[in-house]
Amino acid sequence: MSNLTFAIIKPDAVKNGDTGKIYDRIISAEFKVLSAKLINMTLAQAQGFYGVHAGKPFYDELTEFMSSSQSMVLALEKDNAVSAWRETIGATNPKEADAGTIRHDFATSIGENAVHGSDSDENARKEIGFFFSEAELISNQ
Ligand code: UDP
Ligand code: MG
């Protein structure tokens, strides 16, 4: 059990003007935002971040999409943060996401699905470290 997870408000959601609404869902679900920033990730960063999916049919499209325009990266804190955030965002495919989840309400397709969430405590730590420095996290604790 751990209290941290990593989230991204993906380029489709930022472009659609949904950043504020999704941030509000994060607060309403009682996550503490430890750190957040708007970035425009490079293709190399997207490829590194999604390295586990390298070679899969959607990898090129995914990494191009993730580096296509601005996104917001967030380090979130809550008890059982990984599973709590996955529940809040819903299934990868918005067609399969439960009513009331972020992907159900904001995603347009399985590729452009509005948000990212870590899938394990170990990956949450790695993903937070990929985008945030120690100083950015410690200063906000
Ligand atoms: N993705 C896709 N097609 C697929 C599966 C995944 O475009 O068939 C994209 C989608 O943006 C997803 C990301 O790749 O969020 C990472 O996939 P993963 O299976 O890890 O889903 P997640 O953990 O984001 O729910
Ligand atoms: Mg995943």
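Residues numbered from 1 in each chain as written. Chains lettered and ligands numbered in written order. Predicted model: local features only at pLDDT ≥ 70, side-chain atom pairs only at ≥ 80, totals over all residues. Heavy atoms only, no water.

K.L.:
Looking at this model, I keep getting lost on the sheet that holds strand 2 (residues 32–39). Mind explaining?
P.N.:
If you walk across this open sheet you meet the four strands as 2-3-1-4, and the pairing is antiparallel. Here the strands that pair on one side only, and so sit at the sheet edges, are strand 2 and strand 4 (115–117). Each adjacent strand pair in this sheet contributes to an overall mean axis angle of 15°, direction not counted. Summarising the sheet, strand 1 (residues 4–9) and strand 3 (residues 71–77) pair through six bridges and their orientation is antiparallel. Bridging from a neighbouring strand, Ala7 pairs with Leu74 of strand 3. Relative to the sheet, helix 2 (residues 19–28) contacts strand 1, strand 2, strand 3 and strand 4, its axis offset from that of strand 3 by approximately 5°. Along the sheet, helix 7 (residues 121–131) contacts strand 1, strand 2, strand 3 and strand 4; its crossing angle with strand 1, the most-contacted strand, is approximately 55°. (Pairing = 2+ DSSP bridges. Helix = DSSP H or I, 4+ residues; strand = E, 2+ residues; numbered from the N terminus. Axes fitted to C-alpha atoms, helices over the stretch in contact; angles between N-to-C directions. Contact = heavy atoms within 4.5 Å.)

K.L.:
I keep staring at the side chain of Thr63 and nothing clicks. Help me out?
P.N.:
Tracing the chain through its elements places Thr63 in helix 4 (residues 59–66). Apart from residues no more than four positions distant in its own chain, Thr63 is found in contact with Leu43, Ala46, Gln47 and Tyr50.

K.L.:
It is not clear to me how the pattern of salt bridges should be interpreted in this structure. Could you clarify?
P.N.:
Pairing is possible between side chains of opposite charge, provided their charged atoms come close. One pass over the full model with this rule turns up four salt bridges. One salt bridge connects Asp105 with Arg25, and the closest N-O pair in it is separated by 2.8 Å. Of this pair, Asp105 sits in helix 6 (residues 102–106) while Arg25 is found in helix 2, placing the two residues 80 residues apart along the sequence. A relative accessible area of 34% places Asp105 in the partly exposed class. Note on Arg25: relative accessible area 26%, which makes it partly exposed. Measuring nitrogen to oxygen at the nearest pair gives 3.5 Å for the salt bridge that ties Glu122 to Lys126. (Salt bridge = Lys/Arg side-chain N within 4 Å of Asp/Glu carboxyl O. Buried < 20%, exposed > 50% of the residue type's maximum accessible area, 1.4 Å probe, protein only.)

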